[in-house]
Amino acid sequence: MYVVLSCAASIDGYLDDSSDTRLLLSNAADFDRVDEVRAGCDAIMVGGNTYRRDQPRLRIRSADRIAARRASGLPEHPLRVVVSRSVAAVDDWLAYPSIDLALKDLEARGVRRLMVEGGADVLAQFLNRGLADELHLAVAPRFVGDPRGTRLNGIAEATLAEVTQLDQIVVLRYLLRDHAFMRQAIELSKLCPPSDTAFAVGAVIVREGKILSTGYSRETDPTVHAEQAALNKIGDAKGATVYSSLEPCSIRKSGARPCADRLIEAGIARVVYAWREPPLFVHGDGAAVLKDVGIEVVELTELAAEARATNVMMGP
Ligand SMILES: Nc1c(N[C@@H]2O[C@H](COP(=O)(O)O)[C@@H](O)[C@H]2O)[nH]c(=O)[nH]c1=O
């Protein structure tokens with residue numbers, strides 16, 4: 001299940017103040033954006049406090065979006081879910097005593113995309129436990145300054161994927177799994193048969209939060225690169241993200257087709273790498289080649305040392 005966290009915060013990071021009335025931080029355009037995200041999901045979740053205090057409707061507002069869902073065979077609205085030990089299910093709401101039980105049952109019900117709209121406790125649990133794929137944060141141009149209000153708390157690693165301005169609101173879209181997938185790629189690099197003349201690299205190909213394929217250097221023959229090995233195992237990688245512990249190559253000493261070209265040809269949408277290729281064997285600029293054709297490229301410099309450590313020829 002792909003999990004999208006969505007909330008609006010003040011400049012000072014508050015999701016809500018301590019008053020009984022709902023704090024509206026979004027503007028009309030932003031509520032419309034939220035409506036679009038809702039329409040793309042199978043279920044929407046809130047916590048018990050939000051359920052009690054806000055009495056949220058969690059319905060799609062746009063008639064066009066409802067019609068589009070109906071036309072594609074979906075129910076008009078996503079399922080409505082509350083996680084709380086004390087709230088009982090009413091109307092068509094689904095109530096669960098814990099996030100774990102909710103996720104298990106929603107998965108069984110065929111929910112593929114879940115949106116979580118709050119409150120702070122539920123969002124923090126998803127962040128702290130690494131259960132979420134994306135965070136959409138709308139920042140409103142005001143301060144709340146209420147020490148008894150609730151803030152967006154949590155410990156997670158995030159990369160910025162998109163910034164949108166809707167009049168006075170800035171919407172930040174963060175991806176929350178890049179670091180975990182990169183650590184998996186680095187683990188794969190440890191499986192590479194040793195070589196003094198080539199790097200040890202691991203690669204993971206992911207689409208919509210699911211791993212499509214993995215590979216590592218020299219996995220299937222003495223010259224194969226990690227991205228190439230991973231691509232070779234699947235027919236379709238269109239729109240996927242490739243995590244590679246090393247920047248994809250743009251030139252190969254052997255004259256073989258560089259990985260950057262292979263990634264472009266496969267229709268890869270996004271490339272994340274940890275370690276920029278040092279000019280040891282060739283002078284590569286894979287990242288630039290990929291960016292030139294409009295592929296989103298992200299460098300996780302904070303994991304570069306870990307990716308490099310597998311390569312003993314680089315010295316300590
Ligand atoms: N106030 C606020 C949000 N509040 C969220 O929306 C829910 C209410 O949904 P509904 O009853 O369908 O309008 C509420 O319970 C809370 O989770 N969301 C945002 O994007 N921006 C905002 O400023």
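See above for the structure.
Nothing here was measured: the structure is a model prediction, and the numbers come from that model.

Q: Would you explain the site of the ligand in this entry?
A: Surveying the vicinity of the ligand reveals 17 residues, the closest of which are Leu25, Ser26, Arg57, Leu58 and Arg61. Here Arg38 contributes a side-chain N or O atom positioned 2.9 Å from an oxygen atom of the ligand. Within the side chain of Arg61, an N or O atom sits 2.5 Å from an oxygen atom of the ligand. Its free accessible area being 520 Å², the ligand has 91% of it covered by the protein chains. With respect to the detected pockets, the ligand is housed in the largest pocket. Secondary structure elements with two or more residues in the shell around the ligand: helix 1 (28-39) and helix 2 (48-54). Looking at which element gives the most residues to the shell around the ligand, the answer is helix 1, with three residues. Here the shell around the ligand is composed, by residue class, of eight nonpolar, two polar and seven charged.

Q: How do you make sense of the sheet that holds strand 6 (residues 113-116) when you look at a structure like this?
A: The strands that make up a sheet pair up through hydrogen bonds in the backbone, lying either parallel or antiparallel. Taken in spatial order, the eight strands line up as 5-4-3-6-1-7-10-9 in an open sheet, and their pairing is mixed. Looking along the sheet, the strands with just one partner apiece sit at the ends: strand 5 (94-96) and strand 9 (159-166). Direction aside, neighbouring strands of the sheet carry axes that sit 20 degrees apart on average. In this structure, strand 1 (residues 2-9) lies alongside strand 7 (residues 134-139), joined through six bridges in parallel fashion. Its bridge partner being in strand 7, Leu5 is matched across the sheet by Leu135. Along the sheet, helix 5 (residues 120-128) contacts strand 1, strand 3 (43-47) and strand 6; its crossing angle with strand 1, the most-contacted strand, is approximately 135 degrees.

Q: Before we go on, may I ask you to explain the nonpolar core in this structure?
A: Proteins that are soluble and globular tend to have nonpolar side chains buried together. Membership of the largest hydrophobic core comes to 29 residues, with the highest contact counts inside it found for Leu5, Met45, Leu106, Leu114, Val116 and Phe126. Every element with two or more residues in this core is listed here: strand 1, strand 3, strand 4 (79-83), strand 5, helix 4 (99-108), strand 6, helix 5 and strand 7. With five residues, helix 5 is the largest single contributor of residues to this core. Once residues lying within four places of it in the same chain are set aside, the contact partners of Leu5 are Val116, Leu123, Phe126, Leu127, Ala132, Glu134, Leu135, His136 and Leu176. Core analysis: the second largest hydrophobic core is formed by 25 residues, Ile186, Leu188, Leu303 and Ala304 among them.

Rules and cut-offs
- Residues numbered from 1 in each chain as written.
- Predicted model: local features only at pLDDT ≥ 70, side-chain atom pairs only at ≥ 80, totals over all residues.
- Heavy atoms only, no water.
- Near = heavy atom within 4 Å.
- Polar contact = N/O pair within 3.5 Å; in protein donor to acceptor, adjacent residues only side chain to side chain.
- Areas by Shrake-Rupley, 256 points an atom, 1.4 Å probe, with all protein chains shown as cover.
- 1 Å grid on protein atoms, 1.4 Å probe; cavity = no way out; pocket = protein on both sides within 12 Å on 5 of 7 lines; lining within 4 Å.
- Sits in = over half its atoms within 2 Å of the grid points.
- Helix = DSSP H or I, 4+ residues; strand = E, 2+ residues; numbered from the N terminus.
- Nonpolar A, V, L, I, M, F, W, Y, C, P; charged D, E, K, R; others polar.
- Pairing = 2+ DSSP bridges.
- Axes fitted to C-alpha atoms, helices over the stretch in contact; angles between N-to-C directions.
- Contact = heavy atoms within 4.5 Å.
- Core = buried A, V, L, I, M, F, W, Y, C linked by side-chain atoms within 4.5 Å.
- Buried < 20%, exposed > 50% of the residue type's maximum accessible area, 1.4 Å probe, protein only.

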